[in-house]
Amino acid sequence: DQKPGCIVFLHHNSNSDDWQVYNNGAIYCNARGTRLANALAKEINSSIYDKGMNNNGVPCGVIIRNNGHRGGGDWLNTCNEHYVPAAITEAAFLSNPDHAQFLGNERNAIRYAQTIGRGIVNFMKTR
């Protein structure tokens, strides 16, 4: 009965032989969360990618998840909720050695968290 302003999940895969090394970061979102996802991607691209966390010049994108066949697993079903802007960050990968090294540094982890926070605040300011 209480609708949150938005929902943001941080998702980072773990380092294992079963995972590939990814550079193509994306923010998955529901249609209502498109502006939220764009705000997050903009902050990641301007503050994190290739500015400490190597991403080979590949920007973070936005993928609208409006059905079960648009990428990602069933855990992304939270994006199917239409009443709240929802986004899931897939922008830092622990299976990527450069990303893991960046996030393993406490200052960088704080910087990453602050970047996500700025994206959320920027979105909330436009509501």
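Quick note: structure is the one above.
What you see is a predicted model, and the numbers here were worked out from it, not measured in a lab.

(A) Structural view of the pattern of salt bridges. Evaluation of the coordinates by the stated rule reveals one salt bridge. As a salt-bridge pair, Arg118 and Glu43 come within 3.0 Å of each other at their nearest N and O atoms. Taken as a pair, Arg118 in helix 3 (residues 106-125) and Glu43 in helix 1 (residues 34-47) lie far apart in primary sequence, 75 residues in all.

(B) Representation of the sheet that holds strand 2 (residues 26-29). The sheet built from four strands is open, its strands ordered 1-4-2-3 with mixed pairing. Where the open sheet ends on each side, the last strands, each with one partner, are strand 1 (7-10) and strand 3 (61-64). On average, adjacent strands in this sheet sit at an angle of 20° to one another, irrespective of strand direction. Where strand 2 and strand 3 come together, four bridges link them in parallel fashion. The residue of strand 3 that forms the bridge with Ile27 is Val62. The strands touched by helix 1 are strand 1, strand 2, strand 3 and strand 4 (86-90); relative to strand 2, the strand with the most contacts, the crossing angle is about 165°.

(C) Examining helix 2 (residues 97-104) more closely. Of all the positions in helix 2, only His99, Phe102 and Leu103 are classed as buried. Projected down its long axis, helix 2 carries its buried residues within an arc of 90°, all on one side. The outward face of helix 2, more than 90 degrees from its buried face, is lined by the exposed residues Pro97, Gln101 and Gly104. If you follow the buried residues of helix 2, they end up packed against helix 3. Between a side-chain oxygen at the N-terminus of helix 2 and the backbone nitrogen of Asp98 the separation is 2.9 Å; the capping residue is Asn96.

(D) View of unusual backbone geometry. One non-glycine residue, Asp50, adopts positive backbone phi at about 60°. The topology assignment puts Asp50 in the loop between helix 1 and strand 3. The backbone phi angle of Asn56 is positive, close to 55°, even though this residue is not glycine. You can see Asn56 is positioned in the loop between helix 1 and strand 3. You can call Asn56 exposed: its relative accessible area is 51%.

(E) Spotlight on the packing of helix 1 against helix 3. The geometry of helix 1 relative to helix 3 is characterised by a closest axis approach of 8 Å and an angle of 140° between their N-to-C directions. In terms of orientation, helix 1 and helix 3 fall into the oblique class. Helix 1 and helix 3 meet at a crossing whose hand is right-handed. Residue-level contacts link Arg35, Leu36, Ala39, Leu40, Glu43, Ile44 and Ser47 of helix 1 to Arg111, Thr115, Ile116, Arg118, Gly119, Ile120, Asn122 and Phe123 of helix 3. A breakdown of the residues in the contact of helix 1 with helix 3 according to their chemical character gives seven nonpolar, four polar and four charged.

Reading the values: the criteria
Residues numbered from 1 in each chain as written. Predicted model: local features only at pLDDT ≥ 70, side-chain atom pairs only at ≥ 80, totals over all residues. Heavy atoms only, no water. Salt bridge = Lys/Arg side-chain N within 4 Å of Asp/Glu carboxyl O. Helix = DSSP H or I, 4+ residues; strand = E, 2+ residues; numbered from the N terminus. Pairing = 2+ DSSP bridges. Axes fitted to C-alpha atoms, helices over the stretch in contact; angles between N-to-C directions. Contact = heavy atoms within 4.5 Å. Buried < 20%, exposed > 50% of the residue type's maximum accessible area, 1.4 Å probe, protein only. Arc of directions from axis to C-beta. Polar contact = N/O pair within 3.5 Å; in protein donor to acceptor, adjacent residues only side chain to side chain. Parallel < 35°, antiparallel > 145°, perpendicular 65-115°, else oblique. Left-handed = near helix turned anticlockwise from the far one by under 90°. Nonpolar A, V, L, I, M, F, W, Y, C, P; charged D, E, K, R; others polar.

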